[in-house]
Amino acid sequence: MTALWTSADVARATGGQPTGAWQATGISIDSRALQPGDLFIGLAGPSFDGHDFIAAALAKGAVAAMAHRRPAGLAANARLLMVDDTLLALTRLGRAGRARSKARLVGVTGSVGKTGTKEALRLALSSQAETFANAGSLNNHWGVPLSLARLPLAAEVGIFEIGMNHAGELGPLSRMVEPDVAIITAIEVAHLEFFASLEAIADAKAEIFEGMSADGIAILNRDNAQFDRLAARARGQGLSRVIGFGEHAGAEARLIECRLEAAGSDVRADILGRRLDYRLAAPGRHWVQNSLGVLAVVSALGLDLGLAAATLTSFSPPKGRGQRRRLALPGGYFELIDESYNASPAAMRAAFAVLGRSKPGAGGRRIAVLGDMRELGATSPRLHAELAGPLVAAGIDLVLSCGSLMNELQAALPREKRGGHAPDSQSLISAVLSNLRPGDVVLVKGSLGTRMAPIVDALLALEQAERPARRANGQ
């Protein structure tokens, strides 16, 4: 495997002192996920200190470990790269990774849809260029430099999700990435605990332009109420080109029409003067909207639009962000829509619309299993109660919920739609399982802090228990 970094390169980038000479084929901060040949970086976090796992990482095949203190009991000849501070050294290594790369980089941010858009871009661009994208949601002050440090020398395009929940966080990350193209998916109600208004959220997201040169291109949601504000910020930062996407008549990447179905959407669009018809495997109007942004990025990079659009036929949402599974249970099957990773009012409404278009089996129902939406500040009770309208409009049959804020939703729902409430996700599992029957379509969604993943795990466990029984009976 080609070396990503040599000991000399890392020492030069970080100012560290290496033991011995080595070549790293990857970078890891998690000893559990480490691959032989990785450089392990011992980050000191609020819950765990990576220095405590350096011995395990070296035993697992790490070529060396970056540290700012020597762990007790480590062998005298252990390969270490000693630095003043591992997070600062990682940041320097990320900057060095960006500086040496010849790839064109795309920055992705927004209140909703960042990770899904990043993954759709990865699929669309990798069909015609050597493409790298950050893993999962590595979009913060350590995830971005880690991803830049992992950027392969051979990459022609790099895609970097950049996140924030406070003003002033995104700008430094953008200056680190220096995007050639930036896409802002949408500005919606999120992180209101830390912002006074939607306009303030838009201004914080517009910090992505701070790392861009005058040749940079901004791709913005033309249908969003904050478009003009974002476009003005982009031009104020010196960017000469702004491309809008959406249904708006002024959008350069414009939706002409779409047919929304339970399993996906057929889309007709005009992308900067080129008419395209394509099939999008992910269901929901929000995926249609973001696909226009994806194709606008492809056009901005000068790559083949037709080839990129054709790849979207095989796109499926990432885990926890709309992934669908047909699962067995006694007497039949049910369908799981896993939206457990995170939630905001806009994302909730989009998920309800997808559930509403789903087609339950015989005797089945549309069931929403919902957890609290976090970081919404003083408006939180009202925003939870206001979810009742979209749920009813989408034709959802039953709502089960957990968390103190979801009490507001339960009180606002028609009585026949109240399926049960619990203080936390773990306590809700039994009610979800007892309500489940063949033919149901079940949506699980809530903020990351509400921990909805255990409910998804419990539903997946039903499948694991049922499959062996079916095989035994020849089914």
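Quick caveat: nothing in here was measured; it's all calculated off a predicted structure. (Residues numbered from 1 in each chain as written. Predicted model: local features only at pLDDT ≥ 70, side-chain atom pairs only at ≥ 80, totals over all residues. Heavy atoms only, no water.)

## Side note on the overall build of the protein chain
Heads up, the condition is: By the criteria applied, helices consist of DSSP H or I runs no shorter than four residues and strands consist of E runs no shorter than two, each listed in order from the N terminus. As defined in this context, the radius of gyration uses C-alpha atoms, and a globule is described by 2.2 Å times the residue total to the power 0.38. A simple rule labels every residue: compare its accessible area, found with a 1.4 Å probe on the protein chains alone, to the largest value its type can have, and call it buried under 20%, exposed over 50%, or partly exposed in between. We call two residues in contact when some of their heavy atoms are within 4.5 Å.
Scanning the protein chain from N- to C-terminus turns up 16 helices and 22 strands. The C-alpha atoms of the protein chain give 24 Å as radius of gyration, which agrees with the globular expectation for 475 residues (23 Å, within 12%). Dimensions of the protein chain, computed from the C-alpha atoms along their principal axes, are close to 70 × 55 × 50 Å. In the protein chain, which comprises 475 residues, the proportion classed as buried is 53%. Within the protein chain, counting contacts between residues at least 6 apart in sequence, those at least 24 apart form 64% of the total.

## A look at helix α11 (residues 345-357)
Put simply, the rule reads: Expected span, for any helix, means 1.5 Å times one less than how many residues it has.
Along its 13 residues, α11 runs 19 Å from first to last C-alpha, staying within 8% of the 18 Å computed at 1.5 Å per residue. Residues of α11 that are buried include every one of Pro345, Ala346, Ala347, Met348, Ala350, Ala351, Phe352, Val354 and Leu355, and no others.

## Observations regarding the environment of glycine 284
Looking at the element boundaries, glycine 284 is found in the loop between β16 (274-280) and α9 (285-300). When its relative accessible area of 3% is taken as the criterion, glycine 284 is described as buried. Along the sequence, glycine 284 and arginine 415 sit 131 residues apart, while their C-alpha atoms lie 28 Å from each other.

## Notes on the sheet that holds strand β15 (residues 264-271)
Which entries qualify depends on this criterion: Two strands pair under a simple rule: DSSP has to find at least two bridges between them. Here the axes come from fitting lines to C-alpha atoms, over the contacting stretch only for helices, and the angles between their N-to-C directions go from 0 to 180 degrees.
In space, the nine strands of this open sheet follow the order β9-β10-β8-β11-β12-β13-β14-β15-β16, with mixed pairing throughout. Every other strand in the sheet has two partners, leaving β9 (131-133) and β16 as the edge strands with one partner each. Along the sheet, successive strands turn relative to each other by an average axial angle of 15°, direction set aside. Where strand β13 (residues 241-246) meets strand β14 (residues 253-261), two bridges bridge the pair, whose relative direction is parallel. Bridging from a neighbouring strand, phenylalanine 245 pairs with alanine 253 of β14. Across the face of the sheet, helix α4 (residues 114-126) comes into contact with β8 (104-109), β9, β10 (157-161) and β11 (181-184) while running at roughly 170° to β10.

## Notes on unusual backbone geometry
Backbone geometry places leucine 272, a non-glycine residue, at a positive phi of 50°. For leucine 272, a relative accessible area of 31% corresponds to the partly exposed category. Non-glycine residue arginine 451 carries a positive phi angle of around 60°. You can see arginine 451 is positioned in the loop between β22 (441-445) and α16 (453-472).

## Quick look at the pattern of salt bridges
Note the threshold: By salt bridge we mean one thing: a side-chain nitrogen of Lys or Arg within 4 Å of a carboxyl oxygen of Asp or Glu.
Enumeration according to the criterion identifies 21 salt bridges in this entry. Linking arginine 279 and glutamate 261 is a salt bridge whose minimum nitrogen-to-oxygen distance equals 2.9 Å. Residue arginine 279 is found in strand β16, and its partner glutamate 261 is found in strand β14; the two are separated by 18 residues along the sequence. Arginine 279 gets classed as partly exposed once you look at its relative accessible area, which sits at 24%. Taking the relative accessible area as the measure of exposure, glutamate 261 reaches 29% and is therefore partly exposed. Between aspartate 266 and arginine 279 there is a salt bridge, with the nearest N and O atoms lying 3.2 Å from each other.

## A closer look at the environment of arginine 382
Of note, arginine 382 is situated in helix α12 (residues 380-385). Owing to a relative accessible area of 46%, arginine 382 belongs among the partly exposed residues under this scheme. C-alpha of arginine 382 to C-alpha of alanine 8: the two residues are 374 residues apart in sequence and 57 Å apart in space.

## Brief notes about the nonpolar core
Put simply, the rule is: Joining through side-chain atoms within 4.5 Å is the link that ties buried Ala, Val, Leu, Ile, Met, Phe, Trp, Tyr and Cys residues into a set, and such a set is a nonpolar core.
Formed by 57 residues in total, the largest nonpolar core has its most connected members in Phe209, Leu220, Leu370, Leu391 and Leu409. In contact with leucine 220, other than residues within four places in its own chain, are Ile184, Phe209, Phe227, Leu230, Ala231, Val242, Ile243, Gly244 and Phe245. In terms of nonpolar packing, the next biggest core, distinct from the first, is built from 41 residues, Leu276, Ala282, Leu292 and Ala309 among them.

## Remarks on the pairing of strand β17 (residues 323-329)
Along any regular strand the residues' side chains alternate between the sheet's two faces. Bridge count between β17 and strand β18 (residues 332-339): seven bridges; the pairing is antiparallel. In the sheet register, arginine 325 faces β18, and the bridge partner there is leucine 336. Connecting the antiparallel pair β17 and β18 is a turn made up of two residues, with glycine 331 showing a positive phi of about 95°.

## Remarks on the packing of helix α3 (residues 86-100) against helix α6 (residues 170-177)
Test applied: Here the word oblique covers every angle except those under 35 degrees (roughly parallel), over 145 (roughly antiparallel) and from 65 to 115 (roughly perpendicular). When residue character is reported, Ala, Val, Leu, Ile, Met, Phe, Trp, Tyr, Cys and Pro are called nonpolar, Asp, Glu, Lys and Arg charged, and the others, Gly included, polar.
Contact geometry for α3 and α6: axes closest at 8 Å, N-to-C directions at 45°. Between α3 and α6, the angle falls in the class oblique. Across the interface between the two elements, Thr91, Arg95 and Arg98 of α3 pack against Arg175, Met176 and Val177 of α6. A per-class count over the contact of α3 with α6 returns two nonpolar, one polar and three charged.

## Re the environment of alanine 200
Following the sequence through the fold, alanine 200 ends up in helix α7 (residues 198-205). Residue classification places alanine 200 among the partly exposed positions, given a relative accessible area of 23%. Between the C-alpha atom of alanine 200 and that of asparagine 224, which follows or precedes it by 24 residues, the distance is 15 Å.

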